[in-house]
Amino acid sequence: MANQYHKLEAKAVQELKDIANKIRIHSVSSTQTAKSGHPTSCSSIAEILSVLFFNTMRYKISAPKDPSSDRFVLSKGHAAPALYAVWAEAGLFPVADLQNLRKLGSDLEGHPTPRLNFIDVGTGSLGQGLAIACGMAYVGKNFDKASYRVYCLVGDGESAEGSIWESLHFATYYKLDNLCVIFDVNRLGQSEPTSLGHDIDTYRKRLEAFGFNVVAVDGHDVEELVKAFHVSCNTKGKPTAIIAKTFKGKNFPKIEDLENWHGKPLGDQADRVLQHLKSLVKNTGPLQLHPQKPLTDDAPIVDISNIKLSSPPSYKIGDSIATRVAYGTALVKLGQSNPRVIALDGDMKNSTYSEALKKFDPTRYIECFIAEQNLVGVAIGATCRDRTVAFVSTFATFLTRAYDQIRMGAISQTNVNFCGSHCGVSIGEDGPSQMGLEDIAMFRTIPGSTVFYPADAVSTERAVELAANTKGVTFIRTNRPATAVIYPNNHVFQVGKSHVVKKSNNDQVLVIGGGVTLQEAIGAANELAKAGVGVRVLDLFTIKPIDKEGIIKNAKECGGRILVVEDHYYEGGIGEAVLSAVAQERNIAVKHVAVPKVPRSGSPTALLDYYGLNSKHIVNYVQEAMKL
């Protein structure tokens, strides 16, 4: 049988042991030079990495991110020196470069990032790697339909993170048999032993209860590891979890399995430990192990560039339609243009309208259920190596639960697109727990992010189209209530370009709003026009990057007076973005109105009035602003 296990020859076993000890030598040496790092955490995974990279995995040294190659995610990112050592030993770059670990200007940073051509995602904020691996495996199994496998190495300490268990559930629910999770159970955390220590039986019971094929091994026994990975490759219908019992600081005499050695170089113990490790290496010459297995070049060629709506928006000015509905319409249009556009949601699809893509093509929708951290991680994994264009949607406020995953996504250079519906007090009766009032602030702080706040259905469709082609994290803020269409279907939108939606020859105040408050501002401008007061209304379209020139130009044409009204908390929203844009301009005054405190339940109309965000109040604010 082709898949029958063949025991390794003694020479191969010894070579794998030698590589493991070389990984330890490099980890001790590089962290010693850097005067910081985690050599003991590297040591516990040395045999696991040796067997994976020099026996089990299929990949190309010449193209580390080849679409058909096996994937590896080091969730316990602090063990980065061990991973760097593996790639150096494999021949990707000179071993001498490992001495640049953690130096400014070196891409061999303290934790892995995709600045390195062999790293898919940034890790180091613990508990996140498995969700990413799940996204990679889902794409491999269901979209690429390719033979590559995904391996994720998880630390025992980080398995206390709830996000790990969200991901374990996802992996078994979707029968990701191309996924192998390795738990490095080395017993010791940072400040004390982990809660389970070396209780392998409890790990086994929990993982089996989640539906995994579980294999427990001595994580320092090369032959046991080789066999376990073979079993993983030949297990169908469920993912495999390998529980590797290991020791922190393995083969470091007088340090192995002892507390208080986490996250520090070996200092005056380094020479003694290095001497011992070198004595364990039997083959000093070049190793002949890799590549053991040829790559199956079966991942399809994918093109996700220049994706367009399959047809332009088709609305009538004045039609009343919620921007969240237009978001769903736009997803389908993008999906019609490109088969790699996918939607992910957290059981909110009939509220966010991502279900529109599911109805069009169920295979391109991934239900992640109510587990937002895993939802975001899966999307990051799904977009790795440019395999998909992912749109993640849920209520805007629930994305705050996954803020850490989103910020790590930016470190990972991800291109995931987010859509947060049900923003602000305008959602109404559901009350403050459901109201997105921090979301603009949150996404504005993400480095390299683009924040869209479309005013109507036409601009929403174009925001979705632009997001699909914009590098970095994007966020689209959509409304629950229906709002009037204000743009013609052929209107051209650009990232960072604002639009004047109402003006006169005698404008005295520039009013800036977003979503519902922009609509209310138009109503207020119409009312004030009857009294001969000219008000200009500006739609920013993107809050980040903000159209600084457009704001300043229009403000100056309105006597230097700006009024910002937004359905968001004061901190970090549109108002503060506008204030930053005009901060160095003389003779521009800004009046800012937002939601001042935790709101209450009520009807949307009543709440907009109660918090002073409707047209009636905007009329008064304009009159106050005219005195500035």
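Residues numbered from 1 in each chain as written. Predicted model: local features only at pLDDT ≥ 70, side-chain atom pairs only at ≥ 80, totals over all residues. Heavy atoms only, no water.

## Describing the overall build of the chain
Stage number 1. Helix and strand counts for the chain stand at 21 helices and 19 strands.
Stage number 2. Over its C-alpha atoms the chain spans a radius of gyration of 28 Å, differing by no more than 12% from the 25 Å that the globule rule assigns to 628 residues.
Stage number 3. Dimensions of the chain, computed from C-alpha atoms along their principal axes, come out at roughly 95 × 55 × 40 Å.
Stage number 4. The buried share of the chain, reckoned over its 628 residues, is 60%.
Stage number 5. Pairs at least 24 apart in sequence give 79% of the contacts found in the chain among residues at least 6 apart.
Stage number 6. A total of about 23,600 Å² of accessible surface is found on the chain, and carbon and sulfur atoms cover 49% of it. (Helix = DSSP H or I, 4+ residues; strand = E, 2+ residues; numbered from the N terminus. Rg over C-alpha atoms; globule rule 2.2 N^0.38 Å. Buried < 20%, exposed > 50% of the residue type's maximum accessible area, 1.4 Å probe, protein only. Contact = heavy atoms within 4.5 Å. Areas by Shrake-Rupley, 256 points an atom, 1.4 Å probe, with all protein chains shown as cover.)

## Observations concerning the packing of aromatic side chains
Stage number 1. Within this structure, the stated rule accounts for 24 aromatic pairs.
Stage number 2. Through a chain of ring-to-ring contacts, the aromatic side chains of Phe53, Tyr59, Phe72, Tyr84, Trp87, Phe93 and Phe118 assemble into a single cluster.
Stage number 3. Over the ring of tyrosine 148 we find arginine 71; its NZ or CZ atom is 3.6 Å from the centre of that ring. (Phe/Tyr/Trp six-rings, centres within 6.5 Å; stacked < 30°, edge-to-face > 60°. Lys NZ or Arg CZ within 6 Å of the ring centre and 35° of its normal.)

## Points about the environment of glycine 122
Stage number 1. Tracing the chain through its elements places glycine 122 in the loop between α4 (80-90) and α5 (129-142).
Stage number 2. A sequence separation of 48 residues divides glycine 122 from leucine 74, and the C-alpha atoms of the two residues are 9.0 Å apart.

## Brief notes about the UniProt feature "domain: Transketolase-like pyrimidine-binding" (unreviewed entry) in the chain
Stage number 1. Under the local residue numbering, the UniProt record ascribes the feature "domain: Transketolase-like pyrimidine-binding" (unreviewed entry) to residues 321-485.
Stage number 2. Secondary structure across residues 321-485 comprises 39% helix and 18% strand; the distance between its end C-alpha atoms is 7 Å. (UniProt positions renumbered as here; feature names shortened; annotations may be inferred.)

## Brief notes about the domain arrangement of the chain
Put simply, an interface is often sized by how much accessible area is lost when its parts join up.
Stage number 1. Taken domain by domain, the chain holds domain 1 (11-280), domain 2 (319-485) and domain 3 (499-626).
Stage number 2. Computed from C-alpha atoms alone, the centre-to-centre distance between domain 1 and domain 3 is 52 Å. (Domains from an automatic or database assignment.)

## A look at the sheet that holds strand β3 (residues 179-185)
Stage number 1. Taken together, 5 strands build an open sheet; the order of strands is β1-β2-β3-β5-β4 and the sheet is parallel. A single partner strand is all that each edge strand has here, and the edge strands are β1 (71-74) and β4 (213-218). Strand after strand, the sheet turns through a mean of 20 degrees between neighbouring axes, direction not considered.
Stage number 2. As paired strands, β1 and strand β2 (residues 150-155) are joined by 4 bridges and run parallel to one another. (Pairing = 2+ DSSP bridges. Axes fitted to C-alpha atoms, helices over the stretch in contact; angles between N-to-C directions.)

## Quick look at the sheet that holds strand β17 (residues 542-544)
Stage number 1. Reading across from one edge, β8-β7-β9-β10-β12-β11-β17 is the order of the 7 strands in this open sheet, with mixed pairing throughout. In the strand order of this sheet, the two ends are held by β8 (365-367) and β17, each with one partner. Taking each pair of neighbouring strands and ignoring which way they run, the sheet shows an average axis angle of 20 degrees.
Stage number 2. In terms of strand pairing, strand β7 (residues 341-345) meets strand β9 (residues 389-395) through 5 bridges, oriented parallel. Counterpart to isoleucine 342 in the pairing with β9 is alanine 390.
Stage number 3. Sitting on the sheet, helix α10 (residues 323-337) touches β7, β9 and β10 (417-421), and the angle it makes with β9 is about 165 degrees.

## Overview of unusual backbone geometry
Stage number 1. Here the amide bond leading from lysine 544 into proline 545 is cis, since omega sits at -5 degrees, within 30 degrees of zero.
Stage number 2. Position of proline 545 relative to the elements: it lies in the loop between β17 and α18 (548-557).
Stage number 3. The backbone phi angle of arginine 102 is positive, close to 65 degrees, even though this residue is not glycine.
Stage number 4. Looking at the secondary structure, you find arginine 102 in the loop between α4 and α5.
Stage number 5. Assessed through its relative accessible area of 31%, arginine 102 is described here as partly exposed.
Stage number 6. The phi angle at arginine 187 is positive, at roughly 80 degrees, despite the residue not being glycine.
Stage number 7. Topologically, arginine 187 is positioned in the loop between β3 and α7 (200-209).
Stage number 8. The class for arginine 187 is partly exposed, based on a relative accessible area of 21%.

## Some remarks on helix α13 (residues 372-383)
Stage number 1. Helix length check: α13, at 12 residues, gives a terminal C-alpha distance of 17 Å against a target of 16 Å (1.5 Å per residue), a fit within 8%.
Stage number 2. A large share of α13 lies buried, amounting to 11 of its 12 residues.
Stage number 3. Every buried residue belonging to α13 is among Glu372, Asn374, Leu375, Val376, Gly377, Val378, Ala379, Ile380, Gly381, Ala382 and Thr383, and all of these are buried.
Stage number 4. Looking one or two residues past α13, arginine 385 carries a phi angle of roughly 60 degrees, positive in sign. (Expected span 1.5 Å × (residues − 1).)

## Considering the pairing of β10
Stage number 1. By the criterion of burial, β10 is predominantly enclosed, with 5 of the 5 residues buried.
Stage number 2. Two strands pair when backbone bridges link them, and β9 and β10 are joined in this way by 5 bridges, in the parallel orientation. Note on β10: the bridge partner recorded for threonine 394 is glycine 420.
Stage number 3. Handedness of the crossover is the feature at issue here: the chain leaves β9, passes through helix α14 (residues 403-411), returns alongside β10, and the resulting connection is right-handed.
Stage number 4. With 4 bridges connecting them, β10 and strand β12 (residues 474-477) associate as parallel partners. Paired with glycine 420 across the bridge in β12 is arginine 477. (Right-handed = clockwise from strand over helix to strand, strands pointing away.)

## Topic: the environment of lysine 471
Stage number 1. Mapped onto the fold, lysine 471 is located in the loop between α16 (457-468) and β12.
Stage number 2. Given the relative accessible area of 62%, lysine 471 is considered exposed.
Stage number 3. Leaving out residues up to four positions away in the same chain, lysine 471 has contacts with Asn415 and Gly448.

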